[in-house]
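# Fold and contact review
So you can see what is in the structure, the chains are spelled out below.
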Amino acid sequence: MEGLGRLMFQRDFFQEKRVFLTGHTGFKGSWMCELLLLCGAKVTGFALEPPTDPALFDLMGIDKDICSITGDIRDLSRLEKAVQQADPQIVIHMAAQPIVRDSYNDPVYTYETNVMGTVNVLESMRSVGSVRSFLNVTTDKVYKNNEWEWGYREADELNGYDPYSNSKSCSELVTDSYKKSFFRDTCTAISTARAGNVIGGGDFANDRIIPDCVRAAMQNKEIVVRNPYSTRPYQHVLEPLCAYLTIAQAQYEDRTCEGSYNIGPDYADCVTTGELATLFCNAWDGIGWTDCSEENAVHEANFLKLDCSRVKSVFGVAPKWNVKKAIEKTVEWSKCWQAGGDVEECMKKQILEYLEG
């Protein structure tokens with residue numbers, strides 16, 4: 001595909017496609033629902049109640065436009081029933097316990113959700129014959145982190161350090177085992193996507209830098225940054241979501257496209273948390289941040305980059321919005337919400353601007 005430029009999924013492809021999405025009530029899940037709805041997909045979501053209050057899922061009123069099922073992916077029987085009723089052609093697995101520090105507080109729940117949850121999704125798929133494309137969304141943190149200055153490639157060792165990262169490494173291994181053991185001679189194509197840190201409007205999670213920035217800005221307070229020198233591959237939430245749909249479509253049409261893919265920004269947009277906070281302060285205007293590094297903080301990797309050359313070479317997928325633009329779009333949505341504006345219209349406008357730009 002060299003020389004073809006940036007490719008993207010075709011919106012018409014998802015028209016009337018039956019898509020089963022786990023984790024649809026979360027931040028990324030809510031953006032994915034809106035993206036799929038704009039493409040005309042028939043979406044069934046399976047997840048716990050929205051994890052935050054307020055929650056993007058509720059603000060957008062997404063439950064009125066999709067089949068939204070409240071359930072725990074640790075509950076195999078309920079999940080199997082939901083998958084059988086949906087009879088999906090495409091399954092995108094995004095449900096997870098996603099917070100590193102929370103995984104230290106409750107490692108059992110983290111492993112049950114992120115490992116056995118993946119097992120249950122794959123088991124549920126075995127009970128139907130309709131699934132043509134399955135994508136398991138994991139994280140850039142699945143790799144054994146050697147604090148390298150270069151990006152990790154898909155063939156590098158999977159061995160996350162903390163319970164969250166390690167459970168996602170296990171989820172990758174589970175997916176690969178099921179792929180070889182149960183889906184090798186079926187019509188189901190299976191891939192995993194390892195994405196970096198995402199930002200965007202409507203993220204109200206605890207213990208994430210951008211939600212912390214938004215909360216501080218709305219209260220006209222100084223932003224507290226606890227780990228300003230950690231480098232992360234920050235990207236707008238639409239970057240990985242559009243890559244996920246590109247992979248889902250490609251392997252649906254051609255199973256030779258299945259595999260594992262890193263999805264992240266260009267190296268220039270792998271910035272420190274402090275640099276990200278500075279970009280946010282510049283975009284919001286009138287606020288600042290302070291270094292409040294924690295002396296006895298739980299372990300988190302200081303340096304983490306992905307080598308995303310494979311997804312670029314196979315699909316032509318490359319970042320569209322740099323980190324500065326991603327911050328500006330996040331601030332745009334957040335200020336709309338703060339002012340009591342139409343956040344649903346703001347989100348749709350941003351999605352269309354991304355797709356058509």
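Residue numbers here run from 1 along each chain, matching the order of that chain's written sequence. The predicted origin of the model limits local features to residues at a pLDDT of at least 70 and limits the giving and counting of side-chain atom pairs to 80 or more, whereas totals for whole chains, interfaces and linings rest on all residues. Heavy atoms throughout the structure, all of them, feed into the side-chain values; hydrogens and water do not.

### Let's talk about the pairing of strand E4 (residues 90-93)
- On E4, burial covers both faces: Ile 90 and Ile 92 on one face and Val 91 and His 93 on the other are all buried.
- In terms of strand pairing, strand E1 (residues 18-22) meets E4 through 4 bridges, oriented parallel. Bridge pairing links Phe 20 to Val 91 in E4.
- When DSSP finds at least two bridges between two strands, those strands are taken to pair. Numbered from the N terminus, helices here are DSSP runs of H or I no shorter than four residues, and strands are runs of E no shorter than two. Two elements, E4 and strand E5 (residues 133-137), share 4 bridges in a ladder whose sense is parallel. Looking at the pairing, His 93 lines up with Asn 136 of E5. The cut-offs for exposure are 20% and 50% of the maximum accessible area for each residue type, with area from a 1.4 Å probe on protein chains only; residues under the lower value are buried, those over the upper are exposed, and the others partly exposed.

### With respect to the confidence of the model for the protein
- Overall, the predicted model of the protein reaches an average pLDDT of 93, with 95% of residues at or above 70.
- Confidence drops under pLDDT 50 across residues 1-6; counting only partners more than four residues distant or on other chains, this segment forms 13 contacts. pLDDT is a per-residue confidence score from the predictor, ranging from 0 to 100. In what follows, residue pairs with any heavy atoms lying within 4.5 Å of each other are defined as contacts.

### Remarks on helix H6 (residues 163-182)
- Over its 20 residues, H6 extends 27 Å from the first C-alpha to the last, a length consistent with the 28 Å expected when each residue adds 1.5 Å.
- The term polar contact refers here to a pair of N or O atoms within 3.5 Å; inside protein, the definition further demands a hydrogen-donor-capable atom paired with an acceptor-capable atom, and it admits residues adjacent in sequence only when both atoms are side-chain atoms. Between a side-chain oxygen at the N-terminus of H6 and the backbone nitrogen of Tyr 164 the separation is 3.1 Å; the capping residue is Asp 162. One fewer than the residue count of a helix, multiplied by 1.5 Å, yields its expected span.

### Concerning the nonpolar core
- Side-chain atoms within 4.5 Å are what join buried Ala, Val, Leu, Ile, Met, Phe, Trp, Tyr and Cys residues into a set we call a nonpolar core. Core analysis: the biggest nonpolar cluster contains 60 residues, and Phe 14, Trp 31, Met 32, Leu 35, Ile 92 and Tyr 244 have the highest contact counts within it.
- Tallying contributions element by element places helix H8 (residues 238-253) first for this core, with 10 residues.
- Setting aside its immediate chain neighbours within four residues, Phe 14 contacts Phe 9, Val 19, Leu 36, Cys 39, Gly 40, Ala 41, Ile 90, Leu 245 and Gln 249.
- If you look at the next biggest cluster of nonpolar residues, it comprises 22 residues, including Phe 20, Leu 79, Ala 82 and Ile 190.

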